[in-house]
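# Remarks on the overall topology
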Amino acid sequence: IFAFTCVCGCEESDGTDADPNSKDGEIDDEYVGNHVCFIDVGSGDCTLIKTEDFSLLIDCGNDGKHVKKNLFDILDSEVRNGIDYFILSHPDEEHIGNAEEILSRYNCKNLLVPFTDYEYSESYAGALNSAREKGVEIKEFNYLTEIKSKNADLFFLYPEHKYSDEFNNISVAELPSEKLLDEISPVIYLKIDKARMLLCTDASYKQEDKVLRNFKSGLYDAFFGTGKVNLYDIDLLKISGHGRSDATSEDFLQVLNPDNAIISCGAANPPNTETLKRLYKRNGKTSLFRTDLNGNVTVKIDSGKLTVSSSMK
């Protein structure tokens, strides 16, 4: 179980108004309030959580001129004082391709990864080596991992175990399938005060169902404390796997009933039609934002109100 100074969440949303202190989806340099930026990294994935005194980065996209310029323009502005926690969800190039450069450019205090003794890709190994060379503390996450602050909590609800049986049965030199890597992707619950957000990386139905079963059975109450994790009627859902077909099920949506949903995707991997249909069937109950259509999507929390803006109108 880990502790930190502060993390970010959202107050209960009463709409998705344009942010009066944001221009074209970018946070003003003078604004130091709680905000979350879902950064447009093309077909990849990247989420920056920032508060007055804390920063946390989940994944970082892959190489590419447009991706790198947009990513590092934002990070240069937002994390001048360093990154408190850098989370690599799983060794997928679309998620971690820029990790080594980020670790070399910024002062990262902690690196959270699914495993340290298996280096399944060149980028993943490079990130771990860069972190070791710079003295960054490296921690492995699982669903016992908790990061707490004065008024915020972050819980890893998945994966349950360090490795699945499939991982234990392959050699260190072997590269697992994309599907197998997806199965160790974390599902992260983020809360500040009364606001709640669920961030899914590349979880599938299998992982979603497991999270729902654990929640309804009271397992998270036992691990983290009664009522610490509440998945009913959340404020925002980060959709899994760029809107993949085998995720974001009807059952999942019915329980979460999110006010807002974010899909990180690009022209090369648009959301699956069936996934979009499940979201559209909600008849306006969920406001949907996509980085391929909206660019950078910024969620700001100000005076108890959640506002969403984007860099493309």
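Let us look at the overall build of the protein chain. Looking only at helices and strands, the protein chain features 11 helices and 18 strands. Taking all 313 residues of the protein chain together, 60% fall into the buried category. In the protein chain, the share of contacts with a sequence separation of at least 24, taken over all contacts with a separation of at least 6, comes to 73%. As displayed, the protein chain offers around 12,800 Å² of accessible surface, 46% of which is attributable to carbon and sulfur atoms.

Most peptide bonds take the trans form, and the phi angle of most residues other than glycine is negative. A cis amide bond links tyrosine 158 to the next residue, proline 159, at an omega of 10°. Within the element layout of this structure, proline 159 appears in the loop between β11 (152-158) and α5 (165-168). Not every positive phi belongs to a glycine, and threonine 248 is a case in point at roughly 60°. Note on placement: threonine 248 falls in the loop between β14 (236-238) and α9 (250-256). Of note, asparagine 257 is a non-glycine position whose phi angle comes to about 45°, a positive value.

All buried positions along helix α10 (residues 273-280) are accounted for by Thr275, Leu276, Arg278 and Leu279. For α10, the angular spread of buried residues about the axis comes to 155°, placing them on one side. Close packing links the buried residues of α10 with α7 (205-217), α9, β15 (260-263) and β16 (287-290). Sitting at the amino-terminal end of α10 is asparagine 272, which places a side-chain oxygen 2.8 Å from the backbone nitrogen of glutamate 274.

Further remarks concern empty space enclosed by the protein. Per the stated rule, a full pass over the model turns up 1 cavity of 30 Å³ or more. Of the volumes computed, that of the largest cavity is approximately 70 Å³. In terms of residue class, the lining of the largest cavity is made up of 4 nonpolar, 2 polar and 3 charged.

We now examine the pairing of strand β7 (residues 83-87). Within β7, 5 of the 5 residues are buried, which leaves the element mostly enclosed by the surrounding structure. Pairing between strand β6 (residues 55-58) and β7: 3 bridges, direction parallel. The residue bridging isoleucine 58 from the neighbouring strand is isoleucine 87, located in β7. Following the chain from β6 across helix α1 (residues 65-78) to the adjacent parallel β7, one finds a crossover that is right-handed. Relative to strand β8 (residues 108-113), β7 runs parallel, the two sharing 4 bridges. Among the inter-strand pairings, phenylalanine 86 is bridged to a residue of β8, identified as leucine 111.

This next bit is on the confidence of the model for the protein chain. Averaged over every residue, the pLDDT of the protein chain is 83; residues scoring 70 or more account for 81%. Residue range residues 1-25 is modelled with pLDDT below 50. Its contacts to residues more than four positions away, or to other chains, number 99 contacts.

Below, the discussion takes up the side chain of histidine 95. Relative to the helices and strands, histidine 95 resides in helix α2 (residues 93-96). Residue classification places histidine 95 among the buried positions, given a relative accessible area of 0%. In this structure histidine 95 touches Asp45, Asp59, Cys60, Gly61, Ser89, His90, Asp202 and His242, once residues within four positions along its chain are discounted.

Moving on to the environment of asparagine 110. With respect to the helices and strands, the residue asparagine 110 is situated in strand β8. C-alpha separation for the pair asparagine 110 and phenylalanine 86, spaced 24 residues apart in sequence, amounts to 6.2 Å. Apart from the residues lying within four places of it in its own chain, the contact partners of asparagine 110 are Ile83, Asp84, Tyr85, Phe86, Val136, Glu137 and Lys139. Polar side-chain contacts of asparagine 110 include one of 3.1 Å to the backbone oxygen of aspartate 84.

With that settled, consider the nonpolar core. The biggest cluster of nonpolar side chains holds 32 residues, and the ones touching the most others in it are Leu71, Leu75, Phe86, Leu88, Ile102 and Leu111. For this core, the secondary structure elements donating two or more residues are α1, β7, α3 (99-105), β8 and α4 (122-134). Here the element with the most residues in this core is α1; it accounts for 5 residues. Here isoleucine 102 is in contact with Leu57, Cys60, Leu71, Phe72, Leu75, Ile83, Phe86 and Cys108, once residues within four sequence places are set aside. Within the second largest apolar cluster, 28 residues are counted, among which are Tyr143, Tyr189, Val229 and Phe252.

Cut-offs applied
- Residues numbered from 1 in each chain as written.
- Predicted model: local features only at pLDDT ≥ 70, side-chain atom pairs only at ≥ 80, totals over all residues.
- Heavy atoms only, no water.
- Helix = DSSP H or I, 4+ residues; strand = E, 2+ residues; numbered from the N terminus.
- Buried < 20%, exposed > 50% of the residue type's maximum accessible area, 1.4 Å probe, protein only.
- Contact = heavy atoms within 4.5 Å.
- Areas by Shrake-Rupley, 256 points an atom, 1.4 Å probe, with all protein chains shown as cover.
- Arc of directions from axis to C-beta.
- Polar contact = N/O pair within 3.5 Å; in protein donor to acceptor, adjacent residues only side chain to side chain.
- 1 Å grid on protein atoms, 1.4 Å probe; cavity = no way out; pocket = protein on both sides within 12 Å on 5 of 7 lines; lining within 4 Å.
- Points joined across faces, edges and corners; volume = space filled by probe spheres on them.
- Nonpolar A, V, L, I, M, F, W, Y, C, P; charged D, E, K, R; others polar.
- Pairing = 2+ DSSP bridges.
- Right-handed = clockwise from strand over helix to strand, strands pointing away.
- pLDDT = per-residue confidence, 0-100.
- Core = buried A, V, L, I, M, F, W, Y, C linked by side-chain atoms within 4.5 Å.

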